[in-house]
Amino acid sequence: MIVKNNLINDLQQISDSHNKIITVEAASEKNISRALLSLMAEDGRRNRIAKGIYTLPETIPDELYILSLFSDNIIFSHETALFCNGLSERTPFEHSYTIPQGKRLSSSFSKGFKSYYCKQELFNLGKITVKTAFGNEVPCYDAERTICDVIKDKNKIDPEVYLAALKMYSKSENKNLKNLSMYAEKMNIVKKVRSVLGVIL
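Quick caveat: nothing in here was measured; it's all calculated off a predicted structure.

Before we move on, can you summarise the side chain of Ser-71 with the specific residues and values?
Mapped onto the elements, Ser-71 comes out in the loop between α4 (63–70) and β4 (75–76). A polar atom in the side chain of Ser-71 sits 2.9 Å from the backbone nitrogen of Asn-73.

How would you sum up the packing of aromatic side chains? Please name residues and give values.
Taken as a whole and assessed by the stated rule, the structure comprises 1 aromatic pair. With a centroid separation of 6.3 Å and an interplanar angle of 50 degrees, the aromatic rings of Tyr-97 and Phe-113 are classed as tilted. Of this pair, Tyr-97 sits in strand β5 (residues 96–100) while Phe-113 is found in the loop between α6 (107–110) and β6 (114–118), placing the two residues 16 residues apart along the sequence. Taking relative accessible area as the criterion, Tyr-97 reaches 1% and is therefore assigned buried.

Kindly report on the pattern of salt bridges, identifying the contributing residues and their values.
Opposite charge on two side chains allows them to pair when their charged atoms are near. Tallied over the full model, the rule gives 5 salt bridges. As a salt-bridge pair, Glu-79 and Lys-114 come within 2.8 Å of each other at their nearest N and O atoms. Placement of Glu-79 in helix α5 (residues 78–84) and of Lys-114 in strand β6 is noted, with a sequence separation of 35 residues between them. Judged by relative accessible area, which is 11%, Glu-79 ranks as buried. Residue Lys-114 is classed as partly exposed on the basis of its relative accessible area, which comes to 22%. Across the pair Asp-149 and Arg-145 runs a salt bridge, and its minimum N-O distance is 3.2 Å. Placement of the pair is Asp-149 and Arg-145 together in helix α7 (residues 143–152), with a separation of 4 residues, close to one helical turn. The network of salt bridges with common partners includes Arg-90, Asp-158 and Glu-160.

Lay out the packing of α7 against helix α8 (residues 159–171) in plain terms, naming residues and giving numbers.
With their axes 11 Å apart at the nearest point, α7 and α8 run at an angle of 145 degrees to one another. Considering how the two elements wind past one another, α7 and α8 form a crossing that is left-handed. Touching Ala-143, Glu-144, Ile-147, Val-150 and Ile-151 of α7 are Tyr-162, Ala-165, Leu-166 and Tyr-169, all from α8. Partitioned by chemical class, the residues of the contact of α7 with α8 number 8 nonpolar, no polar and 1 charged.

Give a detailed account of the packing of helix α9 (residues 177–186) against helix α10 (residues 190–197), specifying residues and quantitative values.
The N-to-C vectors of α9 and α10 enclose an angle of 140 degrees; their axes lie 8 Å apart at closest approach. Relative to α10, α9 is oriented oblique. Mapping the contact onto sequence places Leu-180, Ala-184 and Glu-185 in α9 and Val-190, Val-193 and Leu-197 in α10. Taken together, the residues that form the contact of α9 with α10 break down as 5 nonpolar, no polar and 1 charged.

Could you give an account of the environment of Val-130, naming the residues involved and the relevant values?
Relative to the assigned elements, Val-130 resides in strand β7 (residues 127–131). Taking the relative accessible area as the measure of exposure, Val-130 reaches 12% and is therefore buried. Counting along the chain gives 54 residues from Val-130 to Phe-76, while the straight-line C-alpha distance between them is 9.8 Å. Not counting residues within four places of it along the chain, the set of residues in contact with Val-130 comprises Cys-84, Asn-136, Glu-137, Val-138 and Cys-140.

Here is what the cut-offs are and how they apply
- Residues numbered from 1 in each chain as written.
- Predicted model: local features only at pLDDT ≥ 70, side-chain atom pairs only at ≥ 80, totals over all residues.
- Heavy atoms only, no water.
- Helix = DSSP H or I, 4+ residues; strand = E, 2+ residues; numbered from the N terminus.
- Polar contact = N/O pair within 3.5 Å; in protein donor to acceptor, adjacent residues only side chain to side chain.
- Phe/Tyr/Trp six-rings, centres within 6.5 Å; stacked < 30°, edge-to-face > 60°.
- Buried < 20%, exposed > 50% of the residue type's maximum accessible area, 1.4 Å probe, protein only.
- Salt bridge = Lys/Arg side-chain N within 4 Å of Asp/Glu carboxyl O.
- Axes fitted to C-alpha atoms, helices over the stretch in contact; angles between N-to-C directions.
- Left-handed = near helix turned anticlockwise from the far one by under 90°.
- Contact = heavy atoms within 4.5 Å.
- Nonpolar A, V, L, I, M, F, W, Y, C, P; charged D, E, K, R; others polar.
- Parallel < 35°, antiparallel > 145°, perpendicular 65-115°, else oblique.

Take a look at the structure:
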């Protein structure tokens, strides 16, 4: 397949101005069709990351940013939030996110990620924005909400990651015990949190 230089330049400009991502919508603004992007992906000239999302071949995809593009109902949590908040030195093998109960993501896209669910009224509790290693901003829970989540879901967390996170949080000079107590009360896990972190509460 022969690709004209101006087309390559257009795709490079889209990538540069959209955090290294080429979406069908952005491409269409430069009169590049979905079909052409698909053909180029088959030819190895573009990487198809997910439906409607491509990258240049030399680009390492920002998984967190790409996942966040798919839905407003995604907030990174648990092991991923521990890492983003500096409470874990281990890069998660599988990234974790929380979505409201009753919401679903495409099974073809969410494969390889750990999904957690919470009540709608708790979904935005402790939500902040953090930067990924690639410099892109994504939604994530703050340290206090994350500590509450991992205590609540202890059986689903790697024991070493769990214990290390609690130790790091306990020693942190930036911990917000007021928010921790408030989140625990709203999540109805005050006794659990106190039994684990009773010394600092």
